[in-house]
Amino acid sequence: MNLPNNAALDDAELGAWLHLLHSVGRGAARRLLALFGGPQAVLDTTAAQRQAVVGATEAAALSAAPEGHAERLAATQAWRSAAPARRVMVLGDTDYPPWLLHIADPPLLLYLQGRAELLTATSLAIVGSRQPSAQGLDNARSFARTLSQQGWTIVSGLAAGIDGAAHEGALAGDASTVAVVGTGIDRIYPLSNRALAQRIAERGLIVSELALGTPPLAANFPQRNRLIAGLSRGTLVVEAALRSGSLITARLAAEAGREVMAVPGSVLAPQSRGCHALIRQGAVLVESPEQVLEELNGLSALADASPAPAPIEPLPEDAVLRALGHDPQSIDGLIDRCGWPAPALTAHLLRLELEGRVARLPGGLYQRRQTA
């Protein structure tokens, strides 16, 4: 994919992005961008050219602006110009967070309000129950405050309960906090966090990939959780029930090769059962911010000791494609077969997927396309 740098996205380019992303799904948009370049280049192609990449329905959908496009563009322009700390970031911007490139579905467009530089800060996600115990709230604030004071930006979801407490604690430290929301960035949910959201917008960063005005819909929150996990070096779960969004975030973090930690609690407390399940599955048990820092500093030392992988250019007979063979493979299996480090391998698989040479399957598996 060879996208232009749009750090100062002009109105025409913004319009092209909105046209593309509100006409087809993210997967189709990625394939089209990979082949044709920027969004305007995609729109300038014929329906027949697009149909060779995506289905006939999606190819035809791009022939005219989607319903409400003019109003959506005008609202986005007005929102962006209303405050200097508001921005629309797109895949291809030079300051696009590199950690997001290593997740299964990197966002193509992000709405930002606040300190955009926090997207590339050294970060830890802290998530947990919307109905926590008093001790859980104290733990979230204390852990977040200490970690922020030690230079770790705290990422969470601005939900009621543990998320809100983590943001509050992080704001007490120098590294601040990033709130990834599951609504349009102009919609605060829950309303009880309105004052907190204002503080984060002033001293931290609010992020959304959803269009302005998007209400709180249940289907959007798991998608939001992949960004919380993706922006962070690791995820700490303070309290969680057995069926909760926090466990989704932890699973996504593990699938992306990030550290997962959990705070244990009473065996009688339903808010602790999710954490205990994570610990049984291999999450690191932590009882204090200092133990979290030990884990995080170990990760930082490992990253500092490892040389950055050299850029990997596609080859006529790609080494990763050879390692894939024709059966589904996991990331770990591919690492064993081709010997590449996980970050370089994940980024390369994304490029192969965008080029239509590799398919991503459920369960974090990859398979070589028969046409590759």
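A brief look at the structure comes next.

Taken in spatial order, the 9 strands of this open sheet run 1-2-6-5-4-3-7-8-9, and their pairing is mixed. Two strands bound the open sheet, and with one partner strand each, they are strand 1 (86-90) and strand 9 (284-285). Contacts between helix 7 (residues 134-149) and the sheet are confined to strand 3 (123-127), strand 4 (153-156) and strand 7 (234-237), with strand 3 contributing the most and set at about 175° to the helix. Those strands touched by helix 11 (residues 245-255) are strand 3, strand 7 and strand 8 (259-262), and its axis lies near 155° from that of strand 7.

A separate point is the pairing of strand 4. Judged by which residues are buried, strand 4 turns out to be covered on both faces: Thr153 and Val155 on one side and Ile154 and Ser156 on the other are all buried. Strand direction decides the pairing type here: strand 3 and strand 4, joined by 3 bridges, are parallel. Its bridge partner lying in strand 4, Leu124 is registered against Ile154. Handedness of the crossover is the feature at issue here: the chain leaves strand 3, passes through helix 7, returns alongside strand 4, and the resulting connection is right-handed.

Moving on to empty space enclosed by the protein. All chains considered together, the criterion is met by 1 cavity of 30 Å³ or more. Roughly 50 Å³ of volume is contained in the largest cavity. Lining the largest cavity we find Arg130, Gly157, Ala159, Val181, Gly182, Thr183, Tyr189, Pro190, Phe221 and Arg224.

It is worth spelling out the packing of aromatic side chains at this point. The tally for this structure, following the rule as stated, stands at 2 aromatic pairs. With a centroid separation of 6.0 Å and an interplanar angle of 75°, the aromatic rings of Trp79 and Tyr111 are classed as edge-to-face. With a gap of 32 residues between them, Trp79 in helix 6 (residues 69-81) and Tyr111 in strand 2 (residues 109-114) connect regions that are remote in the sequence. Judged by its relative accessible area of 2%, Tyr111 falls in the buried class. For the ring pair Tyr189 and Phe221, a centre distance of 6.1 Å and an interplane angle of 50° mean the geometry is tilted. Here Tyr189, found in the loop between strand 5 (177-180) and helix 9 (194-203), pairs with Phe221, found in helix 10 (residues 220-230); they are 32 residues apart in sequence, far enough to count as distant. Judged by relative accessible area, Phe221 falls into the buried class, the value being 13%.

Parameters at a glance
- Residues numbered from 1 in each chain as written.
- Predicted model: local features only at pLDDT ≥ 70, side-chain atom pairs only at ≥ 80, totals over all residues.
- Heavy atoms only, no water.
- Pairing = 2+ DSSP bridges.
- Helix = DSSP H or I, 4+ residues; strand = E, 2+ residues; numbered from the N terminus.
- Contact = heavy atoms within 4.5 Å.
- Axes fitted to C-alpha atoms, helices over the stretch in contact; angles between N-to-C directions.
- Buried < 20%, exposed > 50% of the residue type's maximum accessible area, 1.4 Å probe, protein only.
- Right-handed = clockwise from strand over helix to strand, strands pointing away.
- 1 Å grid on protein atoms, 1.4 Å probe; cavity = no way out; pocket = protein on both sides within 12 Å on 5 of 7 lines; lining within 4 Å.
- Points joined across faces, edges and corners; volume = space filled by probe spheres on them.
- Phe/Tyr/Trp six-rings, centres within 6.5 Å; stacked < 30°, edge-to-face > 60°.

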